[in-house]
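Secondary and tertiary structure notes
For reference, the chains in residue letters:
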Amino acid sequence: MSVREVRVAWPGPRSGPSPEAPHWSDVAHWMRPGTLQLQGLPPLSLYIHLPWCLKKCPYCDFNSHEWRDPAGTTLPEQDYLDALRADLEASLPLIWGRSVHSVFIGGGTPSLFSPEAIDRLLGDVRARLRLDADAEITLEANPGTFEKDRFRAFRQAGITRLSIGVQSFNDAHLVALGRVHDRAQAIAAVEEAAMAFDTFNLDLMYALPGQSLADCEVDVRTALALAPPHISIYHLTLEPNTYFAKYPPELPPEDDAYAMLDRITELTGEAGLARYEVSAYARTGHQSRHNTNYWRFGDYLGIGAGAHSKLTFAHRVVRQVRLRDPRLYLERAAIDPVASVSEVTRADLPFEFMLNSLRLLDGFPLQDFMDRTGLPLSAVQAGIEQGVAKGLLQRDAARVWPTTRGIDFLSDLQSMFLFDGSASA
Ligand code: SF4
């Protein structure tokens with residue numbers, strides 16, 4: 001599915017896998033003494049990656065693979081579900097006894113999988129994990145896979161929230177983006193989602209090839225006319241290693257893009273969708289709980305090809321990445337699905353925390369920083385003071401949050417918490 005609701009940009013492990021790391025699922029190893037003192041465990045989410053798409057979009061840098069089978073055979077659903085189950089079972093010791101706050105099935109195009117397959121997947125998850133009674137369970141859906149009643153069947157399979165990758169309602173722009181759906185399919189998909197689900201998200205992109213401010217306004221008004229309780233709106237960026245990076249299309253000037261974002265925020269506000277994160281707008285009670293957990297530096301277990309995990313233990317924060325290649329993942333899931341494991345160093349923790357938490361317009365409680373990094377406030381004091389002095393941050397005794405200017409210059413603000421490792425965090 002196009003721009004995921006959330007991009008957890010991770011600058012990569014500074015120190016690489018810890019030299020003495022035994023097997024990635026060896027809890028005793030992760031529970032051994034360490035320099036961090038983490039008081040408690042943050043909420044835990046489960047991310048499940050389904051990596052196939054009908055067609056690779058030219059701007060996409062996600063771990064998505066075109067399902068091309070000249071023989072016309074269907075997706076290897078059952079084999080992939082077996083692999084996910086094996087991966088989850090092997091991971092259970094790392095999250096033993098913890099309940100799961102939210103589940104997000106992302107891709108790729110998860111709605112390519114049949115409702116029966118999604119039903120089996122959630123059955124496998126529920127048989128092995130304790131989900132909160134009101135756990136939010138999101139599935140990403142592509143309007144190009146929309147068929148009447150398909151979304152309703154996902155609802156019956158246990159999905160509670162749909163995230164629909166519309167991107168635009170303008171057929172010319174959809175063609176320019178290499179999308180497999182058109183305006184009519186997008187509208188039909190959203191209308192069906194509105195009938196079948198109590199809450200859903202609609203993805204849009206702006207600053208598209210050939211898009212004017214007026215075009216962007218038409219897209220946003222079309223979206224708002226469908227009364228979505230949540231919208232995620234992303235600036236098209238030319239990501240490395242994509243077709244667009246190699247053959248860049250002509251994009252609107254940056255000033256136009258800024259004007260588009262201002263107009264988007266005005267129109268969504270007028271329609272009762274409050275901006276709560278850099279790219280997310282929601283009616284009260286419809287904020288994405290799964291993504292908010294990422295942004296609050298919560299924990300998540302990621303299973304499936306290329307999925308990322310971030311898990312907290314008493315004395316360390318550990319990241320894992322699954323094998324990216326779906327064929328390799330299918331082959332090795334029951335043996336060892338993990339491609340890399342690393343501990344987040346003391347020097348990296350402040351930046352990683354701010355990379356997520358400063359995306360939220362209400363920022364973070366200072367206590368959360370200490371609880372979720374195991375570091376004292378002195379580790380970020382200088383950065384906070386610098387941010388306040390530059391008018392990018394505001395604070396009170398208990399909380400720190402970005403100003404409007406801080407959100408506009410978020411990368412500059414976040415980089416104030418990048419340490420060169422010399423100053424002890
Ligand atoms: S539908 Fe397009 S943008 Fe979305 S994951 Fe697939 S290739 Fe990427």
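Further up the page is the structure itself.
All of the points below concern the structure found in this document. (Residues numbered from 1 in each chain as written. Predicted model: local features only at pLDDT ≥ 70, side-chain atom pairs only at ≥ 80, totals over all residues. Heavy atoms only, no water.)

Turning to the environment of Arg155, a few remarks are in order. Within the secondary structure, Arg155 sits in helix H4 (residues 150-156). For the pair Arg155 and Lys55, spaced 100 residues apart in sequence, the C-alpha separation works out to 25 Å. Setting aside anything within four residues of it in sequence, one finds Arg155 in contact with Thr160, Ala196, Phe197 and Asp198. Within polar-contact distance, the side chain of Arg155 engages the backbone oxygen of Ile159 at 3.0 Å. (Helix = DSSP H or I, 4+ residues; strand = E, 2+ residues; numbered from the N terminus. Contact = heavy atoms within 4.5 Å. Polar contact = N/O pair within 3.5 Å; in protein donor to acceptor, adjacent residues only side chain to side chain.)

Right, let's get into the sheet that holds strand E15 (residues 364-365). Strand order in this open sheet of three strands is E15-E17-E16, and the pairing throughout is antiparallel. In this open sheet, the two edge strands, each paired with only one partner strand, are E15 and strand E16 (393-395). Sheet topology note: the E15/strand E17 (residues 399-402) ladder contains two bridges and is antiparallel. By the bridge assignment for E17, Phe364 is matched with Val400. (Pairing = 2+ DSSP bridges.)

Looking now at the pattern of salt bridges. Summed over the entire model, instances satisfying the criterion amount to 21 salt bridges. For Glu136, the salt bridge identified is with Arg161, shortest N-O distance 3.9 Å. Remark: Arg161 occurs in strand E6 (residues 161-167) and Glu136 occurs in strand E5 (residues 130-141); sequence separation between them is 25 residues. Looking at Arg161, the relative accessible area reads 0%, which means it is buried. Salt-bridge contacts for Arg359 lead to Glu277; the nearest nitrogen and oxygen are separated by 2.6 Å. (Salt bridge = Lys/Arg side-chain N within 4 Å of Asp/Glu carboxyl O. Buried < 20%, exposed > 50% of the residue type's maximum accessible area, 1.4 Å probe, protein only.)

Grouped together as the largest cluster of nonpolar side chains are 78 residues, with contacts concentrated most on Ile48, Ile105, Ile118, Ile159 and Leu162. Of the residues forming this core, the biggest block, six residues, is contributed by helix H6 (residues 183-196). Apart from residues no more than four positions distant in its own chain, Ile159 is found in contact with Ile105, Ile118, Leu122, Ile137, Thr138, Leu139, Phe154 and Phe197. Judged by nonpolar contacts, the second largest core, of 25 residues, contains Leu36, Phe297, Met354 and Leu410. (Core = buried A, V, L, I, M, F, W, Y, C linked by side-chain atoms within 4.5 Å.)

Attention now moves to the packing of helix H7 (residues 213-225) against helix H9 (residues 254-270). Contact pair H7 / H9: the axes reach a minimum separation of 10 Å and the direction vectors enclose 25°. Accordingly, the angle class assigned to the pair H7 and H9 is roughly parallel. Pair H7 / H9 crosses with right-handed handedness. Where H7 approaches H9, its residues Leu213, Cys216, Glu217, Val220, Arg221 and Leu224 are matched on the opposing element by Ala259, Met260, Arg263, Ile264, Leu267 and Thr268. Here the residues of the contact of H7 with H9 are counted per class, giving eight nonpolar, one polar and three charged. (Axes fitted to C-alpha atoms, helices over the stretch in contact; angles between N-to-C directions. Parallel < 35°, antiparallel > 145°, perpendicular 65-115°, else oblique. Left-handed = near helix turned anticlockwise from the far one by under 90°. Nonpolar A, V, L, I, M, F, W, Y, C, P; charged D, E, K, R; others polar.)

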